[in-house]
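# An overview of the molecular structure
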Amino acid sequence: MNTTAPIAVVSMSGGKDSLATALKAIDEYGHDRCRFVTADTGHEHELTIAHLSDYLPRRLNIQIDVVKADFSADIARKRVYVAEKWPAKLVNGKPGKWVRLGSVEEEAEPPTPGNPYLGAVIGGWVWSPAVRPMSADEAAEVVARALSVLHPTGIAFLDLCLWKGRFPSRKAQFCTQMLKRFPLDRYMIDLASQGRRLESWQGVRRDESHARRNAAEREMTPEGWEIVRPIVTWTAREVVDFVRSHGVDLNPLYSQGCDRVGCMLCINAGKDEIVNAARRWPEHIERIREWERLVGMACKRGFSTLLHHADGEGGDAEHAYRHSNIDSMVAWSRTTRGGACLRPDGAGRGHGGRGLQLLLRPL
Ligand code: SF4
């Protein structure tokens with residue numbers, strides 16, 4: 001058993017909670033027994049990147065290591081698969097299937113689908129619609145279209161979506177695992193292999209969400225390091241006060257109407273976040289539009305969207321695309337359909353929401 005003093009490895013997202021965790025680690029263990037790491041998804045706002053790569057290293061006198069997922073081998077394998085298997089698959093069409101959500105019992109029987117080509121959500125089951133059979137010429141066109149974009153770009157988020165042929169969604173949120181958890185775990189494994197005793201310090205709080213309400217303060221991982229969540233019982237108010245008491249600035253995005261500062265935009269972005277981003281950073285909306293075009297080309301159905309609107313459910317892929325593409329979502333975010341934003345500039349709801357914006361007002 002390794003009995004040396006543990007090293008605290010803090011994963012930094014650019015947000016207030018991981019910053020408070022980093023400050024706590026430095027307070028308790030000192031600089032020498034702390035390591036800091038962040039995952040580069042390629043989908044962050046430039047202010048978050050500057051906060052992590054420039055401001056915090058200078059202000060806290062720390063180095064923040066960067067890990068990044070690489071999907072070039074997956075994309076290379078996918079190219080072979082698309083060239084060899086897609087033509088027959090597209091000509092034969094694809095049956096739809098029910099996908100069970102977490103809430104459905106293992107032994108439960110799926111419902112009977114109505115129109116197999118239209119999506120549906122019934123009692124915890126999601127119908128992934130069938131793909132209509134194509135002619136050989138149409139199939140060749142879809143294959144050529146996919147192969148034309150299946151090249152690694154070096155942008156982890158985009159490459160992941162090109163490989164999968166789709167964006168992640170609330171029901172299939174593979175981005176966190178593939179872009180953050182796996183690269184960060186590899187970083188920990190590398191450190192552990194150097195004979196260090198490690199603790200993974202995480203800025204998780206129970207009052208953040210229902211899913212985190214039972215988060216433990218400490219727990220062991222099968223890999224052999226301990227997870228430590230030093231602010232698990234804190235409120236957002238306590239986090240902000242703690243960071244301010246150290247004289248450290250929060251990510252400037254918080255004072256520009258953002259309630260969360262991970263990806264720009266997160267697949268779970270709410271109406272207020274969309275309207276805020278569209279007003280302040282149209283260049284990010286333009287980037288997302290281009291990513292939707294590229295990922296759509298890598299997709300058998302020809303469409304995929306970063307965000308999902310409820311009105312897009314229950315139709316075919318084209319219907320879903322019409323309601324959920326980034327321009328439709330921005331247009332919707334400016335309406336009062338589905339509830340008005342809490343502030344005219346879109347700031348103030350979801351993930352700490354209006355409460356967080358109030359906390360951030362100057363004292
Ligand atoms: S911030 Fe949102 S989009 Fe980014 S990895 Fe996490 S869940 Fe996915």
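The structure contained in this document is the topic of the report that follows. (Residues numbered from 1 in each chain as written. Predicted model: local features only at pLDDT ≥ 70, side-chain atom pairs only at ≥ 80, totals over all residues. Heavy atoms only, no water.)

### Concerning empty space enclosed by the protein
This is how the line gets drawn: Residues are said to line a cavity or pocket when one of their atoms sits within 4 Å of a point; the points come from a 1 Å grid over protein atoms alone, cavities being sets where a 1.4 Å probe fits but cannot get out and pockets being open sets with protein on both sides within 12 Å along at least five of seven lines. Grid points are joined across faces, edges and corners, and a volume is the space filled by probe spheres set on the points. When residues are grouped by polarity, Ala, Val, Leu, Ile, Met, Phe, Trp, Tyr, Cys and Pro land in nonpolar, Asp, Glu, Lys and Arg in charged, and all others, Gly among them, in polar.
In total, this model carries 1 cavity of 30 Å³ or more according to the counting rule given. As for the largest cavity, its lining consists of Gly 257, Cys 258, Asp 259, Arg 260, Cys 263, Met 264, Leu 265, Cys 266, Ala 269, Glu 273, Asn 276 and Ala 277. Of the residues that constitute the lining of the largest cavity, the class distribution is 7 nonpolar, 2 polar and 3 charged.

### Examining the pattern of salt bridges
Stated formally: The salt bridge definition used is simple: a Lys or Arg side-chain nitrogen within 4 Å of an Asp or Glu carboxyl oxygen. Secondary structure counts use DSSP, requiring at least four H or I residues in a row for a helix and at least two E residues in a row for a strand, with both numbered from the N terminus. The cut-offs for exposure are 20% and 50% of the maximum accessible area for each residue type, with area from a 1.4 Å probe on protein chains only; residues under the lower value are buried, those over the upper are exposed, and the others partly exposed.
Scanning the entire structure with this criterion turns up 16 salt bridges. Note that Arg 181 is salt-bridged to Asp 185, the shortest N-O span being 3.6 Å. One end of the pair is Arg 181 and the other is Asp 185, both in helix H6 (residues 174–192) and 4 residues apart, which spans about a single turn. Given a relative accessible area of 45%, Arg 181 falls into the partly exposed group. Overlapping salt bridges bring together Lys 16, Asp 17, Arg 205 and Asp 207 as one network.

### Focus on the side chain of Arg 287
Our working definition: Positive charges come from Lys and Arg, negative ones from Asp and Glu, while His and the chain ends are left out of the count. Note on contacts: a residue pair is in contact if any heavy atoms of the two residues lie within 4.5 Å.
Tracing the backbone through its elements, the reader meets Arg 287 in helix H9 (residues 282–297). Of the buried charged residues, Arg 287 lacks a salt bridge, with Glu 46 as the closest side chain of opposite charge at 7.0 Å. In contact with Arg 287, not counting residues within four places along its chain, are His 43 and Met 264.

### Looking at the sheet that holds strand E9 (residues 226–228)
So the rule is basically this: A strand pair is defined by DSSP finding two or more bridges across the two strands. Geometry is summarised by axes, namely lines fitted to C-alpha atoms with helices restricted to the contacting stretch, and by angles between N-to-C directions that run from 0 to 180 degrees.
Strand order in this open sheet of 6 strands is E3-E2-E1-E7-E9-E8, and the pairing throughout is mixed. The open sheet has two edge strands, strand E3 (64–67) and strand E8 (218–220), and neither has a second partner. Put simply, the sheet's adjacent strands are angled 30° from each other on average, direction ignored. With 4 bridges joining them, strand E1 (residues 7–11) and strand E7 (residues 198–201) adopt parallel strand pairing. Bridge pairing links Ile 7 to Leu 198 in E7. Contacting E1, strand E2 (34–39), E3 and E7, H6 crosses the sheet at an angle of about 150° to E2.

### Concerning the environment of Gly 93
Tracing the backbone shows Gly 93 in the loop between helix H3 (72–92) and strand E4 (97–100). Placed 38 residues apart in sequence, Gly 93 and Val 131 show a C-alpha to C-alpha distance of 5.3 Å. Contacts of Gly 93, omitting those with residues within four sequence positions, involve Val 131, Arg 132 and Pro 133.

### A word on the packing of aromatic side chains
Short version of the rule: Centres within 6.5 Å make a pair out of two Phe, Tyr or Trp rings, where for Trp the six-membered ring is used; the pair is then stacked when the planes are under 30 degrees apart, edge-to-face when over 60, and tilted otherwise. Only Lys NZ and Arg CZ are tested; either one counts as a charge over a ring when it is within 6 Å of the ring centre and within 35 degrees of the ring normal.
Inspection of every chain in the model, using the stated rule, returns 6 aromatic pairs. Relative to Phe 242, the ring of Trp 234 has its centre 5.0 Å away and its plane inclined at 75°; by these criteria the two rings are edge-to-face. When its relative accessible area of 15% is taken as the criterion, Trp 234 is described as buried. Sitting over the face of the ring of Tyr 117, Arg 132 holds its NZ or CZ atom 3.9 Å from the ring centroid. When the ring centre of Trp 291 is taken as reference, the NZ or CZ atom of Arg 287 above it lies at 4.6 Å.

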